[in-house]
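Report on the structure
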Amino acid sequence: MRHQTQAKTFEVEKIRKDFPILNRKVNGYPLVYFDNAATSQTPQQVIDVIVDYYSNYNANIHRGVHSLSQEATDKYEQARIKLQKHFNAEKPYEIIFTSGTTHGINLVASGFSEFLKEGDEILVSAMEHHSNIVPWQMLCERTGAILKVIPINLKGELIYSEYEKLINENTKLVFVNHVSNALGSVNPIKEIIEKAHANNAAVLIDGAQAAPHIKADVQALDVDFYVASAHKMCGPTGVGILYGKEAWLEKLPPYQGGGEMIATVSFEKTTYAGLPHKFEAGTPNICGGIAFGAAIDYMNQIGFDEIAAYEHELLEYATGKLKEIEGMKIYGEAEEKTAVISFNIEGLHPYDIGTLLDKMGIAVRTGHHCAQPVMDFFKIPGTVRASFSFYNSHDEIDSFIEAVKKAKMMLQ
Ligand SMILES: *Cc1c(COP(=O)(O)O)cnc(C)c1O
């Protein structure tokens, strides 16, 4: 019983006490929250920071001379530095606060219009989230650039040799997620970035699904842009980051016009503020940014290596148990994957399984997971997706397995 000793050293029971929501019941059963790939739960330490902000120093930032405004500005800029350190950006102003991953991707896609011409090529992988496909299609429509797709294999892994064949001197941009939200596959982004740079192409990595499990080092990766959302890593919704290399952020035009992003304004000419303000028009999600910093602190205190090891254990445990169920088909069996299991049971609709699991207090995702091309590849309408976080337990997996078996019996 290896997992029990490791679980003990990981102290999951102590960690679970930090998450008030884990005490609640759903449909009369204790909540089992396995929809972490959609959004994570929030620890009391982060909730306290949110309450403290609105109770004690709510004010607009960067503008007021008064004390509250300065306190809020300091805390917000401290959060930026926490994020800079976490992702190992060279400069704090290479971290742009956004409303989330989708916003970060759109910011880059919009600005890239200026750098592309007809016939230029953009590469994306076949396992992208919709938010990482649509902005590039729109960019191609605006510029005449061509979108090409790096295929995946039946295990749900990107086929690197196909990437090597697709990339050429016309490739200007490569966009790949670090971890697939539908399959959990971890992509070899270091190699992908190296290869792109050898062809003078820029790279944006969608880190939304990786950031809760893997600490990315943007300098070691030499990545041009990296995006993530707070709400998948114990922070609030409506806030995220875009990391960009300083040289790229200098070149990229502003995304939105408004307050805070300008240096001087007249009706003849407006000059833009320096980084990061050039990309932060209007009043930002001040409390969200500060709470994001607190979430990063919380996760680092537990430790990303510890989190990854424990989650891997949960993944193996649950995969083994699920495979014992007759008719079980798991999608996404990449050599390297995070704690996401997409599955179907022969003859049953994922939606029906999800609905019955909810009746037993178990939250999973069903459907195409904003990755329809992945579902098309496997020729299925959708899957049931269970995704685990470091605050989930082996006991919860046992309840989940029992519930899946029960649902299967009821539906057959
Ligand atoms: C969740 C997710 C997104 C979108 O994130 P938002 O916070 O909704 O903007 C993009 N890509 C991947 C891989 C995701 O998991």
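Each chain carries its own residue numbering, running from 1 in the direction its sequence is written. Reporting of local features is limited, given that this is a predicted model, to residues whose pLDDT is at least 70; pairs of side-chain atoms are given and counted only at 80 or more, and all residues count toward the totals for whole chains, interfaces and linings. Hydrogens and waters are ignored; side-chain quantities use all the structure's heavy atoms.

- As annotated in an unreviewed UniProt entry, the protein chain is Cysteine desulfurase from Christiangramia crocea.
- UniProt positions are given in the numbering used here, feature names are shortened, and annotations may be inferred rather than shown by experiment. Its UniProt record gives the protein chain the following Sequence similarities (unreviewed entry) comment, quoted word for word: "Belongs to the class-V pyridoxal-phosphate-dependent aminotransferase family. Csd subfamily."
- According to the UniProt record, the Function (unreviewed entry) comment for the protein chain reads "Catalyzes the removal of elemental sulfur and selenium atoms from L-cysteine, L-cystine, L-selenocysteine, and L-selenocystine to produce L-alanine."

**Quick notes on the overall build of the protein chain**
- The helix and strand inventory of the protein chain stands at 15 helices and 17 strands.
- Every one of the 412 residues in the protein chain was classed for burial, and the buried ones make up 55%.
- Every residue pair with non-hydrogen atoms within 4.5 Å of one another is taken to be in contact. Summarising the internal contacts of the protein chain: among those between residues at least 6 apart in sequence, 72% fall at separations of at least 24.
- Approximately 17,700 Å² of the protein chain is accessible, and the part contributed by carbon and sulfur atoms is 52%.
- Taking the average place of the 38 positive charges on the side chains of the protein chain and the average place of its 51 negative ones, the gap between the two points comes to 3 Å. In this text, helices come from DSSP runs of H or I with a minimum length of four residues, and strands from runs of E with a minimum of two, each type numbered from the N-terminal end. Each residue's exposure class comes from its accessible area (1.4 Å probe, protein chains only) as a fraction of the maximum for that residue type: buried when under 20%, exposed when over 50%, partly exposed otherwise. Accessible areas in this description were obtained via Shrake-Rupley with a 1.4 Å probe; residue shielding takes into account the shown protein chains only. Counting rule for charge: Lys and Arg are taken as positive, Asp and Glu as negative, and neither His nor the chain ends is counted. Positions of charges follow a simple convention, taking NZ of Lys, CZ of Arg, CG of Asp or CD of Glu.

**Side note on the sheet that holds strand S6 (residues 146–150)**
- When DSSP finds two or more bridges between two strands, those strands count as paired. Pairing in this open sheet of 7 strands is mixed, and the strands run S4-S10-S9-S8-S7-S5-S6 from one edge to the other. Of all the strands in the sheet, the pair left with one neighbour each is strand S4 (95–98) and S6. With direction set aside, neighbouring strand axes in the sheet form an average angle of 20 degrees.
- Bridging between strand S5 (residues 121–125) and strand S7 (residues 171–177) involves 4 bridges; their strand directions are parallel. Among the inter-strand pairings, Glu-121 is bridged to a residue of S7, identified as Thr-171. Axis angles are defined between N-to-C directions and span 0 to 180 degrees, where every axis is a line fitted to C-alpha atoms and, for a helix, only to the segment in contact.

**Topic: a negative patch on the surface**
- Residues with no salt bridge and a relative accessible area higher than 30% make up the patches, which join like charges within 9 Å and nonpolar side chains (Val, Leu, Ile, Met, Phe, Trp, Tyr) within 5 Å. Only one rule defines a salt bridge in this text: a Lys or Arg side-chain nitrogen within 4 Å of an Asp or Glu carboxyl oxygen. Together, Asp-48, Asp-52, Glu-71 and Asp-74 make up a region of like negative charge exposed at the surface.
- Secondary-structure elements contributing two or more residues to the negative patch are helix H3 (44–57) and helix H4 (67–87).
- Here Asp-48 shows up in helix H3.
- Note on Asp-48: relative accessible area 42%, which makes it partly exposed.

**Points about the site of the ligand**
- As a matter of local geometry, the ligand sits amid Thr-101, Thr-102, His-129, Ser-131, Asn-181, Asp-206, Ala-208, Gln-209, Ser-229, His-231 and Lys-232.
- Contacts to the ligand include Lys-232, whose side-chain N or O atom sits 2.7 Å from an oxygen atom.
- In isolation the ligand has 380 Å² of accessible area, and contact with the protein removes 86% of it.
- Residue composition of the shell around the ligand, grouped by class: 1 nonpolar, 8 polar and 2 charged. Any residue with a heavy atom positioned within 4 Å of a molecule or strand is treated as near that molecule or strand. We call two N or O atoms a polar contact when they sit within 3.5 Å, provided that within protein one can donate a hydrogen and the other can accept it, with sequence-adjacent residues counted only if both atoms are side-chain atoms. Amino acids are sorted into nonpolar (Ala, Val, Leu, Ile, Met, Phe, Trp, Tyr, Cys and Pro), charged (Asp, Glu, Lys and Arg) and polar (every other residue, Gly among them).

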